[in-house]
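Working through the structure, step by step
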Amino acid sequence: MTLLSKLRPLFKHLKTVSRAVTNRQMSGHQVVPLEPSRFQWTKFKDNIHFYALLGIIPCSLFVTGMNVFIGPATLSEIPEGYTPKYWEYYKNPVTRFLTRYLYNNPQQDYEKFLTYIFVEHEKTRLRQLENEIIKKMGERFDYQAYYFRPPAVKYYRLVREASEETEKLDDPISVE
């Protein structure tokens, strides 16, 4: 027994070490602070970077290739009997490409604008005519009235003839 009592200080030290590991302090105010999530912000930034680079890299390669391999247009004489297309007036190859395949023909835009002006002019003429009619109706004490449109007589005639034929077929006494 004396041996155990001699080893007791060693066991006491082991007990305190194990107690320190297993003993938790629950009364302390050591809490994790609440913060809003940054997931949506980082996801948004990732998407912006991805789609921007997805568009910027091919566009920059396209523009560089056009400028390196095709180059700017040079001014030269127009051959006899040749009328240049509207996109051939631009110097930059990228501008020529965009004008040819994406933008409208300037002549087409001009004609669309003229059509718009014509339609608006017709609208104003009709409004002026309507205002003039209303003014004349007020001066002459006239009023807006319904009118009679005569029907097309040939259809009534055809229906009448068809009904007479059916009456003859239904009447067994009449002999012709």
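Preceding this paragraph is the structure being described.
Residues numbered from 1 in each chain as written. Predicted model: local features only at pLDDT ≥ 70, side-chain atom pairs only at ≥ 80, totals over all residues. Heavy atoms only, no water.

This brings us to the side chain of R96. Secondary-structure assignment places R96 in helix α3 (residues 93-101). The side chain of R96 sits in the buried core without any salt bridge; E88 is the nearest counter-charge, 8.1 Å away. (Helix = DSSP H or I, 4+ residues; strand = E, 2+ residues; numbered from the N terminus. Buried < 20%, exposed > 50% of the residue type's maximum accessible area, 1.4 Å probe, protein only. Lys, Arg positive; Asp, Glu negative; His and termini not counted. Salt bridge = Lys/Arg side-chain N within 4 Å of Asp/Glu carboxyl O.)

With that settled, consider the pattern of salt bridges. This model, assessed by the stated rule, comprises 4 salt bridges. Put simply, D109 and K112 hold a salt bridge, and the shortest N to O gap is 4.0 Å. Of this pair, D109 and K112 both sit in helix α4 (residues 106-139), 3 residues apart, roughly one helical turn. Residue class for D109 comes out partly exposed when judged on its relative accessible area of 36%. Of the residues examined, K112 reaches a relative accessible area of 47% and is grouped as partly exposed.

In total, this model carries 5 aromatic pairs according to the counting rule given. Seen from their ring centres, Y86 and W87 are 5.3 Å apart, and the 80° between their planes marks the pair as edge-to-face. The class for Y86 is partly exposed, based on a relative accessible area of 22%. W87 sits in the buried class, given a relative accessible area of 17%. Aromatic pair F97 and Y101: ring centres 5.1 Å apart, planes at 55°, arrangement tilted. One end of the pair, F97, and the other, Y101, are both in helix α3, 4 residues apart, so they sit about a helical turn from each other. Among the aromatic side chains, those forming a connected cluster through ring pairs are F62, F97 and Y101. (Phe/Tyr/Trp six-rings, centres within 6.5 Å; stacked < 30°, edge-to-face > 60°.)

To locate leftover empty space, one rolls a probe as large as a water molecule over the atoms. Taken as a whole, the largest pocket holds about 380 Å³ of empty space. Taken together, 14 residues form the lining of the largest pocket, with T74, L75, S76, E88 and Y89 sitting closest to its centre. In terms of residue class, the lining of the largest pocket is made up of 8 nonpolar, 2 polar and 4 charged. (1 Å grid on protein atoms, 1.4 Å probe; cavity = no way out; pocket = protein on both sides within 12 Å on 5 of 7 lines; lining within 4 Å. Points joined across faces, edges and corners; volume = space filled by probe spheres on them. Nonpolar A, V, L, I, M, F, W, Y, C, P; charged D, E, K, R; others polar.)

Here we come to α3. Residues of α3 that are buried: P93, V94, R96 and T99. The elements touched by buried residues of α3 are α2 (39-70). Sitting at the head of α3, N92 places a side-chain oxygen 3.2 Å from the backbone nitrogen of V94. (Contact = heavy atoms within 4.5 Å. Polar contact = N/O pair within 3.5 Å; in protein donor to acceptor, adjacent residues only side chain to side chain.)

Structurally, T99 is set in helix α3. Residue T99 is classed as buried on the basis of its relative accessible area, which comes to 5%. Only 2.6 Å separates the side chain of T99 from the backbone oxygen of T95, close enough to count as a polar contact. Those residues in contact with T99 that lie beyond four places of it in its chain are Y86, W87 and Y90.

This brings us to a negative patch on the surface. On the surface, E161, E164, E165, E167 and D170 cluster together to form a negatively charged patch. Following the sequence through the fold, E167 ends up in helix α5 (residues 153-170). Since its relative accessible area comes to 54%, E167 is described here as exposed. (Patch = residues over 30% accessible without salt bridge, like charges linked within 9 Å, V, L, I, M, F, W, Y side chains within 5 Å. Areas by Shrake-Rupley, 256 points an atom, 1.4 Å probe, with all protein chains shown as cover. Charge placed at Lys NZ, Arg CZ, Asp CG, Glu CD.)

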